[in-house]
Every structure is written in structure tokens, then in C-alpha cells.
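Fold and geometry: a report
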Amino acid sequence: MTQTIGMSGTDLIAHHGAVDGVTGSCHELKLGDGRSVLIDCGLFQGTETADDGANTHQLAIGFEVAHLQAVILTHVHIDHVGRLPHLLAAGFRGPILCSEASAELLPLVLEDALKVGVTREARLIEAVLRLLKTRLVPLRYGEWHSLIAGDPGLRIRLQQAGHILGSAYVECDLSHGGSRTRVLFSGDLGAPHTPLLPDPTPPESADIVVLESTYGDRVHEDRTTRHERLRALVEHAFQDGGTLLIPAFSIGRTQELLYELETLVHEYGTSGTRPAGEAWRWEDLAVVLDSPLAANFTAGYRRLRAHWDEEATTRLAAGRHPLAFERMLTVADHDAHLRMVAHLAREHRPAVVIAASGMCAGGRIMDYLKAMLGDPRHDLLFVGYQAAGTPGWAIQRYGPRGGYVELDGRRYDIRARIHTLGGYSAHADQQNLSDFIAAMATPPREVILVHGEQRAKRTLQGVLQDRFPGTEVRIG
């Protein structure tokens, strides 16, 4: 049990991102002696910015780094780790602590980020990745780790967050003048019963919680409902011979979708019968994974099967391959990608395309959008959060009205059907977030809401204040 002291989150924590939006996660925990540690160091997307001027185009670190003792990563999504190379360039010399699975996946993420945002020169990228790997300190879940051997000033512990493979929330046990304070950084929390992933570990206790609020104003569909809606949407999408496009982040959402589509093919694609009036069968379906990065991550997920949940490992034991099944096609080089775009735009065959980026802000999904958005035969399915100012946000908002979107400076009319399936979010919803706090034996004295739009934060603030009247809930 922690001992409550007078210092508040305002005294202990400085926010460098993911305060006014959902990207650029970066929070600094002050140790009280001039030193501090950083929790995450992510890229901004869309129109979101930091107080120091950092944004999608301005990636340089604008805060002091000489006093930083370590960086602790919650998970390897780009909006939580994408500015690490810039932190190294700014002079950071300390260790980078993360879970064991994150340590394996992180170089893949940063290699891609460097190619897209910094340089394509292999020698420079390899030098940065070598430096990064010398700084990585993989930690097991559930074990306390002293930041400096023999120094009791700060201990940290990673716990399973259930967001993507390797994701964690961070418990920081901090010493101040003989008393201790426990500060918990949620990172991105996952919903329970997510395919492949163990559920989040319930927290024991904390004095201060820095809590994400991405979906603080809504409740997701349950997994069964979501599964059936995906089946119905796929079947409906192919009645007119079009392609179903799914923009998805390369890590986490992509693997979850592959898992669910393999389930559907297994359930409906082996009977060999064609229902009356149906123009296609599930066994005819092609699932196209058109993203080198997503393919690399999917291979990484397969290597890390020891971290999968019981349901997924049971399927493996039964001879099924949730992330490498017969109907799945992987598109490797760019020429093959362009041929696939042209083929699917022209032909009438059932296909699901999963491609990054998840917010339609770049990547191979852009070529599919340019080729198919104007054709009503095709469908576009959003399964993740779309940050304000991104093309995905514009398509989701204006597409159902027959509007348009600008891609690379050119206007594209939207005639494809637009769908949103919120149940596939990798983020906890309002009920999950509230239950996360309720799992503690004693509610925290302070909750700071970050990583959410203002409406989501205000709504969640009210819910938490009503449920935990003795807790100060404030918006970061």
C-alpha cells in the first residue's frame, strides 16, 4: 500500500503530448531531485500539436533532456514511440525500458518511421537501430525494477495492458522525503476479450493515475456482436462484386482483423454450399495484406506466440493458423502493390484489403482510396479511431453524405459506401476505463485524463467523479 503525500500530479508530471488529442504521447515524471523519467515519446498525427510546437511536421524535441534518466515505453505504436530517434539526436543517453515483446517489435516500428520521416539511407537507419538496441532494457511483467541499482528513489513495474502485443501500463513507486507515492501511467488500455491478447491485469493501487480517455464517451459493442456485424458487412459488401478496404495500423488492429477473418472463413467457408441468392462463398474470399510493415509485424506476432492468450494457442494446437491461413495473400514489393490495386479496381471478385495507415494519412491504403473511393461498388470500413485533421476523419465524416476528400492535394469524390465498426477498437471504452479504476482496493486520490478529445475527457470526468466521489478527476 502506498503512503499518500501532499504532492499532486501538477507537481510531479509535465505533459509533452497527447493532452489536447490522442497522438504524440509523452509524459515526464519528476523525481524531486532535478532528475526525471519520460513515459513514451510519440509522433503527432493530424492537426495535433504540443506546447513546445511539436507537430506532424516538426519532430525535433523541444524540451530539455539532460536530466532524463530513462524512457519507459508503454507499447510500440508510432504515436507512443515515433520520436525516439529525435530524442537520441537531442542528446538523451539513458536506457529505454519496455516489455520483452515490445523490445522485439520496436526496431520494426522505428525502421519504418525513419524511412518515412527522416531518411531512406540504409547505413544511417542501421546506425540508429544499433544505437537503439544498445539502450533497450526488456522487463518482465509484474516485477519491480529499480531505475538505478541500489537507489530506492524510483522503482517501476510493467503490467499487462491488453492493447497490443507487449503493451503495458507503468507503475512508478517514487520516494519523496521518506514517504512514497505510486503514480500509474495507463498508456493505452485494451478492452477485455481481445483476440490473441491476455486481458489487462487489474491494478492494485495508486495515488495518482494518468489515464487515457480515447473512448471515454462511448461503450463498444461486445465481441460476439462485433463478429456478427463483420460477417454481415463482408457478405453485404460483396453482393455487387466490389472490394472491402480496411485501413488499419500495422501492429495490433491488423493482426486482430486477420484472426477474426480466419475465424469467419473457418466457420462459413468449408461447407462448400452456396446459399440461395448468394453470388459468392466465403471460400472464394481473398484476404489481402498489403503492407510490408504489417507483414513484418504479423511475422513478429507469430514468433511471439508464447505471449498469446489461451484461445489463440488452443487454435494453434488444433492445427489452425490464425495469422497465416490459406485465403490470406501478402503483397510485398511496390510493383506488386500497384498491380493489385489495378486488378481489384477493375475486376469483380470478393476481396478484403487490409493496408496502413489506419487514419489514411499515408501508406499503401492511399493508392486504393484514389482508385476506388469514386466507385460505388466498393466499401470502406473504419475499425479504429480517426484523429481530427486526418483524411480518415474527413472520409468518415463526409463520405456518408456523398462528399469528397483531399488526398495529396487532389480532390476525390466519395461514392464508395463508408462503414464504421467501433467494436474493433484496441482501446478500452468508458466502462472498461471506469472499471480499471474500480479494480483498486482504494480509489486513487487523483486521476488525470489525457489522450482523448475534449468531449471524451469531459464525459469520462463526469462518470469517474460520480463513481469515485473522493477522487479528484481533472483534465490534463
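Structure: see above.
The structure reproduced in this document is the subject of the present report. (Residues numbered from 1 in each chain as written. Predicted model: local features only at pLDDT ≥ 70, side-chain atom pairs only at ≥ 80, totals over all residues. Heavy atoms only, no water.)

Glancing now at helix α11 (residues 365-372). What α11 keeps buried is the set I365, M366, Y368, L369 and M372. Within α11, the buried residues cover an arc of 160 degrees as seen down the axis, which keeps them to one side. (Buried < 20%, exposed > 50% of the residue type's maximum accessible area, 1.4 Å probe, protein only. Helix = DSSP H or I, 4+ residues; strand = E, 2+ residues; numbered from the N terminus. Arc of directions from axis to C-beta.)

This part is about the environment of A60. For A60, the position within the fold is in the loop between β3 (36-39) and β4 (68-72). What makes A60 partly exposed here is its relative accessible area of 42%. For the pair A60 and A90, spaced 30 residues apart in sequence, the C-alpha to C-alpha distance is 7.7 Å.

Turning next to the sheet that holds strand β14 (residues 328-330). Backbone hydrogen bonds are what pair the strands of a sheet, in a parallel or an antiparallel way. Ordered by their spatial adjacency, 6 strands build an open sheet running β14-β13-β15-β12-β16-β19, and the pairing between neighbours is parallel. The two strands at the open ends of the sheet, each matched to only one other strand, are β14 and β19 (417-420). On average, adjacent strands in this sheet sit at an angle of 20 degrees to one another, irrespective of strand direction. In terms of strand pairing, strand β13 (residues 286-289) meets β14 through 3 bridges, oriented parallel. Each residue of the ladder has a partner; that of V287, found in β14, is M328. (Pairing = 2+ DSSP bridges. Axes fitted to C-alpha atoms, helices over the stretch in contact; angles between N-to-C directions.)

Ordered in space as β7-β8-β9-β10-β11-β20-β21, the 7 strands form an open sheet in which the pairing is mixed. Here the strands that pair on one side only, and so sit at the sheet edges, are β7 (145-148) and β21 (472-475). Taken over all neighbouring pairs, the strand axes of this sheet differ in orientation by 20 degrees on average, direction set aside. The strands touched by helix α13 (residues 430-438) are β9 (168-176), β10 (179-185), β11 (208-212) and β20 (446-450); relative to β11, the strand with the most contacts, the crossing angle is about 165 degrees. Helix-sheet contacts for helix α14 (residues 454-467) involve β11, β20 and β21, and the interaxial angle to β21 is about 175 degrees. (Contact = heavy atoms within 4.5 Å.)

This part is about the packing of helix α7 (residues 253-268) against helix α9 (residues 310-317). Between α7 and α9, whose axes approach to 13 Å, the crossing angle comes to 50 degrees. Here α9 runs oblique to α7, going by the angle between their axes. Between α7 and α9 lies a crossing of left-handed hand. Contact residues: α7 offers Y259, E262 and T263, while α9 offers E311, A312 and R315. (Parallel < 35°, antiparallel > 145°, perpendicular 65-115°, else oblique. Left-handed = near helix turned anticlockwise from the far one by under 90°.)

Moving on, we get to the nonpolar core. Ranked by size, the top nonpolar core spans 69 residues in total, and within it L84, L87, L106, L244 and I354 carry the most contacts. In this structure L244 touches L233, V234, A237, F238, A351, V352, V353, D379, L380 and L381, once residues within four positions along its chain are discounted. Ranked by size, the runner-up nonpolar core spans 28 residues in total, among them A286, M372, L380 and F382. (Core = buried A, V, L, I, M, F, W, Y, C linked by side-chain atoms within 4.5 Å.)

Relative to the elements of secondary structure, A361 occurs in the loop between β15 (351-355) and α11. For the pair formed by A361 and G389, sequence separation is 28 residues and the distance between their alpha carbons is 9.5 Å. Aside from chain neighbours lying at most four places away, what touches A361 is M366 and P391.

What follows deals with the packing of helix α4 (residues 100-117) against helix α5 (residues 122-135). Relative orientation and spacing of two packed helices are given, respectively, by the angle between their axes and the distance between those axes. In contact at an axis separation of 10 Å, α4 and α5 are set at 150 degrees when each is read in the N-to-C sense. On the basis of their axis angle, the class for α4 and α5 is roughly antiparallel. Relative to α5, the crossing made by α4 is right-handed. Contacts between α4 and α5 involve L106, P107, L110, E111, L114 and K115 on the former and, on the latter, I125, V128, L129, L132 and K133. Residues of the contact of α4 with α5, tallied by class, amount to 8 nonpolar, no polar and 3 charged. (Nonpolar A, V, L, I, M, F, W, Y, C, P; charged D, E, K, R; others polar.)

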